[in-house]
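# Residue-level structural notes
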Amino acid sequence: MDDDAAEATQSFAADADICQQLLTRYARSSAAQHRHLCATAAATRSIIQSSSLPLTPISYFAATITSLSTSKNLDANALGAITSFISIVLPLVGRDEIKPEKATEAIRILVTIVDRSGGKLGTSGVRAVVKCVGALVAEFCNLEEWDSVALGFEWLLKFSLDKRPKVRKCAQDCLLKVFKSFESSAISKMASKSIYSLLKDHMQSATEMSSLKIRDGNKHEPMTRPEHQDVLHLLNVMKHVVPHFSPKVRTRMLPLLLKITSSHFSVVTRHVLDIISAIFATSGAEVIISNANDIFSSLLSYISLGEKNPPDSVLVAANLAKAALGRLHNDDVNEWTSYFPMLTESLAGLLSSKGNVALQTSIILRELIDQHIDGKSFEAIENLENEDKTTQNAEFNAVQTTCTTFYNLMSGPSPILNEYLFSVVAFLFLKLGKISHVFMKPILLKLSELMNNTSTNTSEVKHLEACIGSAVAAIGPERLLSLLPISLTTKEFSCKNVWLIPILNKNIIGSSLQFFMEHIVTLAESFERGSSKDLQAYAHGCWGLFPAFCRWPSDTYQSFGSLSKLLISFLKKDSFMLENVAIGLQELVNENKRVLASNCGSVQLTEVQRTGVVNEFEIDLERRHVYSRKTASKNIKALALCAKELLLSLTDVLLESPPETRKHLKGAIGCLTSICDPSVTKQVFIASLEKLQILDDINDDGKLKSDTDGLAKEKENSVTDATRCLILELASCIVEGSDEDLVNLLFSITKRALEESDEAGQMEAYQTLSTILEKHSGFGSSQFDVVMGLLTEKKSSANIELVKSRFTCLQALLIRALMSNMDEENTKSFLILNEIILTLKDSNEEGRNVAYDALHGLSSKLRNSADASFDGIYHKLLTMFTGYLSGPSPHIKSGVVSALSILIYSDPTVCITMPEVVPSVMELLHSKAIEVIKAVLGFVKVLVSCLPVIDLHHFLSDIMDGVLRWSSVSRHHFKEKIVVILEIMMRKCGTAKVKALAPEKYKDFVQGVVENRHGKKSSKESGNKDAKPDHSDSSLKGQQKRKRDESATSSKEEGSSARPWKKTMDRQQNVGKSWGKNGHSNHSGLNKGKFNKPRGGDFKMKHSGEKKNNEGNLHRRDVASKTTKHKKRERKD
């Protein structure tokens, strides 16, 4: 019988007559097997009816089994039909309808039939019986009595070695199902013993096969005997069922498997490794502990042959050895110290392999090191460099032997010097930490030798530097420079180990400021005495190490006092050190502030993250506490004590420096003022005003003198705009550390600059004002009206950078106003929104971009803030925007819709949390204002593109009703935009869903879109296989851009809805391309931040079918075949 009859069970119903179902299905079939099957079913039904029994699956099963037990001379066709029929019936029988003893009897009958049939029963018939026996054993036999399942189990085990692949596969599947169904451990043990006994019976053949090498890749050459095939089939069975064996049997079976694992590859190697892997995964440590010697002896001998064995099998063996070693270590078994160096030595030889093997080996080695080596365990013996004191420490010896292995690889006659070895050595440095110098001193010296060797391959230098860098991070510059000193010979002016300078700069962490002053400064000064350019460069390199020594130094509060004097001297005389000093000071302040601001009381830092090595290893090392809160507090106090002198020097330099060097100086000034007393900050600022000779403008109350004062006015005129910019730059960086009086003074200066300075000064003033509003919330509350009045009186500029700075201030004021419930401040919120909306409608595209960026930034800030109150503010903002939609001005309404498009794009969930937004916008499609319709269609395109499918379904009906009313309008690209919207919805929600929601009068239009979409897909079928509707919840990807000239033309015409963001959404394939000669569309799609791009206006068509843009450039106009026909009809009408 064919397999389809035997496998069609799932399509039959248990509550209907099976015979009738078969007749209905196969009555018209001319296939002989189907006729025999129907005849068997009909005969069985007659037997049941003659006994007045119901036509149920159990009746059919009982009748069929009875027929098999009484029939002796059935031909092949009849036997095949009966076995196929019973395989259809049995799965429909209820689980409790066959008693265990009857199930056992049925198994006996089926087994006897197969054994007695000889070769009459074909493959499909035997397979049907195998399925029946498997079902009877697993579902109906007594699973707590071995006698009940023994016959069926042994028979399935026999056929799991059958030479027929389909029969064998079916028997193996049934055997696994039976193992999973065993409820008694005793039964599992008996079944496990059966397979164990079978393996022992085949051990001689398995051993023979393991000794046969595969020559020239011919795996079938040694399999000349049937018993060899039986071994492979048995091993394949064991691979699947061994997890269900009893622990005792697994323990006894493992030595047998190891015996047939030879050092060279054979046809059984992969099977055996897979079985061992399954045993390791499901067994406890006792299985591995009791067989540890055999496990490592077998696996290491196989790994040691390296490339002589298939690479994938070697890696499997390596991972098995790693897993076994991990079990030993986790169970505190000291034997792991014996096997660890043996395993690393075997694996280390593979680091010179080709292809992926070396990479995978390096990963395994790093995982072994990470699991078994911990430098902290050796901290107590850091001074035990005497071999006499360490011979009794097995773990120490294991690590020492491992390090010697890596050194030998680098120093042997055929050294391995590649990135894989260096990555492992680097990781070993980091795991051992400060104790690395005890174990890895020879390796470090060898690495130095390689760096000094001029013949070293340039491609290796990068990996060498990373390896030495890990040593710097591990043992620190003090210890490393004692082993590898940087030195200068006075007579010959020759240098040694200067290549260490850039490595130190990248990798120093947790060092000592005192060491920098005593050693590095001295070294830099010695280089400075030389006259050559190289020596001067080395000196600058040494001075440049200062920021590196400021990364989590161990002696900040002890040494910073003396260091500050050195830094002040640098600031006064050494211009090249300004940036280094500024960066170093920021490091010192910020790292301690982070500790004090953290909730856990300390900051955890991964050393390797600072060195950059973690990106190569991709392994998270144990994090360590860098500073306690107590230490950080002491550090901050020490920094604050010296802050005044440093600030005075820094501000002096800032006022005299060119603009390009001020960035880092301002950062350092800002950091120091944030930790010192506000009175110090004020003194420093007043000193700066005095130096610039504008201190006379300050009243006794700390405010600027009034403009009504004639002397003040005359004095003010003498103050240049450049001076104002300098003061404002200084003011912006000291805001955080200012008290209320100083903030008021800074605001007075800022106010005067806004009123009287040029654009550069106003830009700095806006920057200072935004910083004041951000850092001092109290000022924003108390002086809200004053600041709002100042910005309201100050008209917006055409300078885009100035507009950006202004919008930064407006954003802070808007948030402050939204947080207030006062009607007056709510009114001023609308003033700010008015300016944003009007800028959205600006004719200048750059101005529109600024407004879009401001809205996007405002949305992100409100949504991502940890302040829970911001959620309510965000909803209040949206409510205020939707309130504009009921206004009379189309110009304002279109701008508001564009603003809502940005907010929807930034946060599509707004449509769900505020469901009134979408209906309010869709209602505007009843308007006749062209610019409003353009904006709404852009909004809809954003909506359908960004919403997940599950949410989009809620709005499909409203969208269809709204946009289709404009589908007949070709001007202003309305029809093209609607086609894009429909295509996106069809792609996300399915064509049928969209068509079903189309009103009757627009069904023809929607059908045209569907046909064009299908034509588009068929034309690209060979190139794009992914044009099916996308039902995922992910946001739709954007479509391709329109031509720039068309966008530019439309921007000038519409001016209201150009999209500013420079980032673009990922393009969505086959969507939004405007219709061409072959019926393909090429509509402009949604680019991230450039949605609803205005489409340019009136086209003057020429006979050639070309259009002319505002610049006079000619472009061919692509028109869809359907659209063209439609327009021709319109012309005829």
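Residues numbered from 1 in each chain as written. Predicted model: local features only at pLDDT ≥ 70, side-chain atom pairs only at ≥ 80, totals over all residues. Heavy atoms only, no water.

### Notes on the overall build of the protein chain
This is how it is decided: The secondary structure listing takes helices from DSSP runs of H or I that are at least 4 residues long and strands from runs of E that are at least 2 residues long, numbered from the N terminus. Partly exposed describes any residue whose relative accessible area lies between the buried limit of under 20% and the exposed limit of over 50%, with all areas from a 1.4 Å probe on protein chains only and scaled to the type maximum. We call two residues contacting when some pair of their heavy atoms lies within 4.5 Å. A 1.4 Å probe and the Shrake-Rupley method give the accessible areas. Residues count as covered only by the protein chains that appear here.
In terms of helices and strands, the protein chain carries 56 helices and six strands. In the protein chain, buried positions account for 54% of the 1133 residues. Taking the contacts inside the protein chain whose residues are at least 6 apart along the sequence as the reference set, 73% of them involve residues at least 24 apart. Total accessible area computed for the protein chain in this model is approximately 50500 Å², and 49% of it derives from carbon and sulfur atoms.

### A closer look at helix α42 (residues 800–819)
Each α-helix turn comprises 3.6 residues. Residues three or four places apart therefore point the same way. Operational definition: Each helix should span, by expectation, one fewer than its residue count multiplied by 1.5 Å. The term polar contact refers here to a pair of N or O atoms within 3.5 Å; inside protein, the definition further demands a hydrogen-donor-capable atom paired with an acceptor-capable atom, and it admits residues adjacent in sequence only when both atoms are side-chain atoms.
Helix length check: α42, at 20 residues, gives a terminal C-alpha distance of 29 Å against a target of 28 Å (1.5 Å per residue), a fit within 8%. For α42, a buried count of 15 out of 20 residues is recorded, marking the element as mostly surrounded by other parts of the structure. In this structure N799 caps α42, since a side-chain oxygen of it lies 3.0 Å from the backbone nitrogen of E801.

### Things to note about the nonpolar core
Within soluble globular proteins, side chains that are nonpolar generally end up buried alongside one another. In plain terms, the rule: Put simply, a nonpolar core is a bunch of buried Ala, Val, Leu, Ile, Met, Phe, Trp, Tyr and Cys residues held in one set by side-chain atoms that sit within 4.5 Å of each other.
Core analysis: the largest hydrophobic core is formed by 339 residues, its most contacted members being L257, F685 and L982. Broken down by element, the residue count for this core peaks at 12 residues, all from α42. Among residues more than four places away in sequence, those in contact with L257 are L199, L235, M238, V272, I275, I276 and I279. Core analysis: the second largest hydrophobic core is formed by six residues, I509, V626, Y627 and A632 among them.

### Section: the packing of helix α17 (residues 311–330) against helix α18 (residues 336–348)
Formally: Orientation is described by lines fitted to C-alpha atoms, with helices fitted over the stretch in contact, and by angles between N-to-C directions that extend from 0 to 180 degrees. By definition in this entry, angles of less than 35 degrees are roughly parallel, angles greater than 145 are roughly antiparallel, angles of 65 to 115 are roughly perpendicular, and the rest are oblique. Left-handed is the label given to a crossing in which the near helix is rotated counterclockwise from the far helix by less than a right angle, and right-handed is the label when the rotation is clockwise. Residue polarity is assigned by list, with Asp, Glu, Lys and Arg as charged and Ala, Val, Leu, Ile, Met, Phe, Trp, Tyr, Cys and Pro as nonpolar; anything else, Gly included, falls into the polar class.
Running from amino to carboxyl end, α17 crosses α18 at an angle of 160°, the nearest separation of the two axes being 10 Å. Between α17 and α18, the angle is such that the two are roughly antiparallel. Considering how the two elements wind past one another, α17 and α18 form a crossing that is left-handed. Within the contact between the two elements, α17 uses A318, A321, K322, L325, L328 and H329 and α18 uses W336, Y339, F340, L343 and L347. The residue inventory of the contact of α17 with α18, partitioned by class, reads nine nonpolar, one polar and one charged.

### Looking at a positive patch on the surface
Short version of the rule: Grouping into patches uses exposed residues only, defined as over 30% relative accessible area, and leaves out salt-bridged ones; the cut-off is 9 Å for like charges and 5 Å for nonpolar side chains (Val, Leu, Ile, Met, Phe, Trp, Tyr). A carboxyl oxygen of Asp or Glu within 4 Å of a side-chain nitrogen of Lys or Arg is what we treat as a salt bridge. The positive count covers Lys and Arg only, the negative count covers Asp and Glu only, and His and the chain ends enter neither. Every charge is mapped onto a representative atom, which is NZ of Lys, CZ of Arg, CG of Asp or CD of Glu.
On the surface, K193, K200, K248 and R252 cluster together to form a positively charged patch. Elements with a minimum of two residues in the positive patch: α10 (185–201) and α13 (247–259). By secondary structure assignment, the location of K200 is in helix α10. The partly exposed category is assigned to K200, whose relative accessible area is 46%.

### Considering helix α49 (residues 930–946)
Helix length check: α49 (17 residues) gives 25 Å between terminal C-alpha atoms against 24 Å at 1.5 Å per residue, within 8%. In terms of residue burial, α49 counts as a mostly covered element, since 15 of its 17 residues are buried.

### With respect to the state of the cysteines
We count it as follows: Two cysteine sulfur atoms form a disulfide, by the criterion used here, when they sit within 2.5 Å.
Taken as a whole and assessed by the stated rule, the structure comprises zero disulfides. Looking at the unpaired C542, the closest cysteine sulfur is the one in C495, lying at 9.4 Å.

### Description of the pattern of salt bridges
The full count for this structure, using the stated rule, is 22 salt bridges. In this structure, E139 and K177 form a salt bridge, with 3.1 Å as the shortest nitrogen-oxygen distance. Pair noted here: E139 is in helix α7 (residues 123–139) and K177 is in helix α9 (residues 165–181), with a separation of 38 residues, a long-range link. A relative accessible area of 27% means that E139 is categorised as partly exposed. Take K177: its relative accessible area is 39%, and that puts it in the partly exposed class. With its nearest N and O atoms 2.7 Å apart, the salt bridge here joins K169 to D173.

### Thoughts on the packing of aromatic side chains
Stated formally: Here a pair means two rings of Phe, Tyr or Trp (six-membered ring of Trp) with centres within 6.5 Å. Their orientation is stacked below 30 degrees between planes, edge-to-face above 60, and tilted elsewhere. Only when the NZ of Lys or the CZ of Arg is both within 6 Å of the ring centre and within 35 degrees of the ring normal is a charge said to sit over the ring.
Applying the stated criterion across every chain, the model contains 19 aromatic pairs. A centroid spacing of 5.8 Å and a plane angle of 70° characterise the contact between F179 and F182, whose relative ring orientation is edge-to-face. With respect to class, F179 is no different from F182; both count as buried. Each member of the aromatic cluster is reached from another via a ring pair, and the members are W146, F153, F179, F182 and F245. Between R25 and the ring centre of F12, over which it is positioned, the NZ or CZ distance is 4.3 Å.

### Focus on unusual backbone geometry
Look at S52: it is not a glycine, yet its phi comes out positive at around 60°. Its place among the elements puts S52 in the loop between α3 (32–50) and α4 (57–70). Judged by relative accessible area, S52 falls into the exposed class, the value being 67%. One non-glycine residue, N497, lies in the positive phi region at around 60°. By relative accessible area, N497 is classed as buried at 3%.

### Re the side chain of E729
Within the secondary structure, E729 sits in helix α37 (residues 721–734). Of note is the side chain of E729, whose polar atom sits 2.6 Å from the side chain of R662. Those residues in contact with E729 that sit more than four places away from it in its chain are R662, K666 and E764.

### As for the side chain of S184
Its place among the elements puts S184 in the loop between α9 and α10. Within polar-contact distance, the side chain of S184 engages the backbone nitrogen of A186 at 3.2 Å. Apart from the residues lying within four places of it in its own chain, the contact partners of S184 are L143 and E144.

### A look at the confidence of the model for the protein chain
For clarity, the threshold we go by: On a scale of 0 to 100, pLDDT captures the predictor's confidence in every residue.
Per-residue pLDDT for the protein chain averages 80, and the proportion of residues at 70 or more is 80%. Within the protein chain, the lowest mean pLDDT, 34, falls on strand β6 (residues 1114–1116), and the highest, 95, falls on helix α27 (residues 546–549). Counting contacts from residues 1–9, a segment whose pLDDT is below 50, to residues more than four positions away or on other chains yields 27 contacts. The model gives residues 386–391 a pLDDT under 50, and that stretch makes five contacts with residues more than four places away or in other chains.

### Topic: the environment of A324
Tracing the chain through its elements places A324 in helix α17. Sequence separation between A324 and A285 is 39 residues, and the spatial gap between their C-alpha atoms is 8.4 Å. Those residues within four positions of A324 in sequence are excluded, and the remaining contacts are F280, I288, I295 and F296.

### A few points about a negative patch on the surface
A cluster of acidic side chains, namely E144, E145, D147 and E183, defines a negative patch on the protein surface. Locating E144 in the fold gives a position in the loop between α7 and α8 (146–159). Of the residues examined, E144 reaches a relative accessible area of 55% and is grouped as exposed.

### A look at the packing of α3 against helix α5 (residues 76–89)
How two helices pack is summed up by the angle between their axes together with the distance between the axes. Between α3 and α5, whose axes approach to 9 Å, the crossing angle comes to 70°. Comparing their axes, α5 and α3 come out roughly perpendicular. Judged by the sense of rotation from one axis to the other, the crossing of α3 with α5 is right-handed. From α3, H36, L37, T40, A41 and T44 reach across to α5, where they touch N77, A81, I82, S84, F85 and I88. Class assignment for the residues of the contact of α3 with α5 results in six nonpolar, five polar and no charged.

### Digging into the environment of S148
Residue placement: S148 occurs in helix α8. A polar contact of 3.0 Å, which involves the side chain of S148, links it to the backbone nitrogen of N142.

### Overview of the environment of A935
Along the chain, A935 falls in helix α49. Overall, the relative accessible area of 0% leaves A935 in the buried class. Through-space distance from the C-alpha of A935 to that of G895 is 7.6 Å; in sequence the pair is 40 residues apart.

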